[in-house]
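Structural overview
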Amino acid sequence: MDEMIRNLMTLGLTEYEARVYAALVGIGEGSARQVHEASGVPRPRVYDIAEGLAGRGFITVRRGNPHIYIPAEPAVVIHHLKTAADAAATAAVQALDALSLDARSKNSPIWYVQGEWSIRRHVESLASGVTRDLAVVCLDYREIGEFARLIAGASREHPVSVLLPNGKRGIRKPLGDASLYVPKPFCTFFQENIFEKLYCGPIPVDGSAFLLEYIFIADDRVCMIVYREDGVRNAVVITLPFISCVQRQFVNRMIANADCIDGPAEAGAGLRPSST
């Protein structure tokens, strides 16, 4: 019984709420006196605890003299508690992640991000913070679905350009009003020393293999690089202008010499020129 009460408390009930509900499940239904005897909750408290549980739909009150309390099905109650706990956990992580992002941006121009959840939250923060335009280099088409909503959302308010070194194949989810580009060779040095080495396969370094997946660049201001190191997904966020601006110039040059295969730019409305 004690373990069950602790589990109910972990899901969000107070101790008295857990004891009243568990007692009702155990006896089927009962008056305040019967609930008091089965649960050990002081009888004067049974009334307000029961009314509170009734307000949440966890028990039904049959009005009379005395009132009779009837518990809802445990599966229904547990599902409701679990859903509420999951929502609270998600909100807490988002709020804490926002605090972490703000603290990091104040204290360091470069930081690493690990874990799928944190990577998605940082991409969300970057996309929601766009004030002028967003550029995306996408190499892993299998995963584009996870960012499709963010890219489409940003494209409703600002120009968004998505560079696809491997063409459009494999992209099944719509990307809103984003312009999609397939790059073409335009400079021998860039093609041989940057494009073919960085964008076309894994890079071996000290026994590890690094594979680029995405580059997100917001307003020349923030650059986020998502990559895999020996199959493990990581990211680095860069706000140092010397790096983010240079990255953006590389991407702008690739877009300027690319074929637009979909989106507004196909009709002549492309990425706004960078201010740098």
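Conventions we followed
- Residues numbered from 1 in each chain as written.
- Predicted model: local features only at pLDDT ≥ 70, side-chain atom pairs only at ≥ 80, totals over all residues.
- Heavy atoms only, no water.
- Core = buried A, V, L, I, M, F, W, Y, C linked by side-chain atoms within 4.5 Å.
- Buried < 20%, exposed > 50% of the residue type's maximum accessible area, 1.4 Å probe, protein only.
- Helix = DSSP H or I, 4+ residues; strand = E, 2+ residues; numbered from the N terminus.
- Contact = heavy atoms within 4.5 Å.
- Arc of directions from axis to C-beta.
- Phe/Tyr/Trp six-rings, centres within 6.5 Å; stacked < 30°, edge-to-face > 60°.
- Lys NZ or Arg CZ within 6 Å of the ring centre and 35° of its normal.

An unreviewed UniProt entry annotates the protein chain as TrmB family transcriptional regulator originating from Methanoculleus caldifontis.

1. A few points about the nonpolar core
Leu134, Ile151, Val162, Phe216 and Met224 are the most contacted members of the largest nonpolar core, which has 29 residues in total. Of all the secondary-structure elements, those providing two or more residues to this core are strand 3 (110-114), helix 6 (116-128), strand 4 (134-138), helix 7 (145-155), strand 5 (160-163), strand 8 (208-218), strand 9 (222-229) and strand 10 (232-238). Considering each element in turn, this core owes the most residues, five residues, to helix 7. Beyond its immediate sequence surroundings of up to four residues, Met224 is in contact with Ile119, His122, Val123, Leu126, Tyr214, Ile215, Phe216, Ala235, Val236 and Val237.

2. A look at helix 3 (residues 32-39)
Regarding helix 3, the residues found buried are Ala32, Val35 and Ser39. Taken around the axis of helix 3, the buried residues stretch over an arc of 60°, which confines them to a single face. Buried positions along helix 3 lie against helix 2 (15-27), helix 4 (43-55) and strand 2 (68-71). Gly40, located one to two residues past helix 3, shows a positive phi value of around 85°.

3. Description of the environment of Arg45
Inspection of the secondary structure assignment puts Arg45 in helix 4. Considering only alpha carbons, one finds Arg45 and Ala32, 13 residues apart in sequence, at a separation of 9.1 Å.

4. Topic: the packing of aromatic side chains
The tally for this structure, following the rule as stated, stands at four aromatic pairs. Ring geometry for Phe147 and Tyr214: centres 5.1 Å apart, planes at 90°, overall edge-to-face. One end of the pair, Phe147, is in helix 7; the other, Tyr214, is in strand 8, and 67 residues separate them in sequence. The residues Phe147 and Tyr214 share a single accessibility class, namely buried. Aromatic pair Tyr214 and Phe216: ring centres 5.6 Å apart, planes at 25°, arrangement stacked. Phe216 gets classed as buried once you look at its relative accessible area, which sits at 2%. Positioned above the aromatic ring of Trp117, the side-chain terminus of Arg121 is 4.7 Å from the ring centre.

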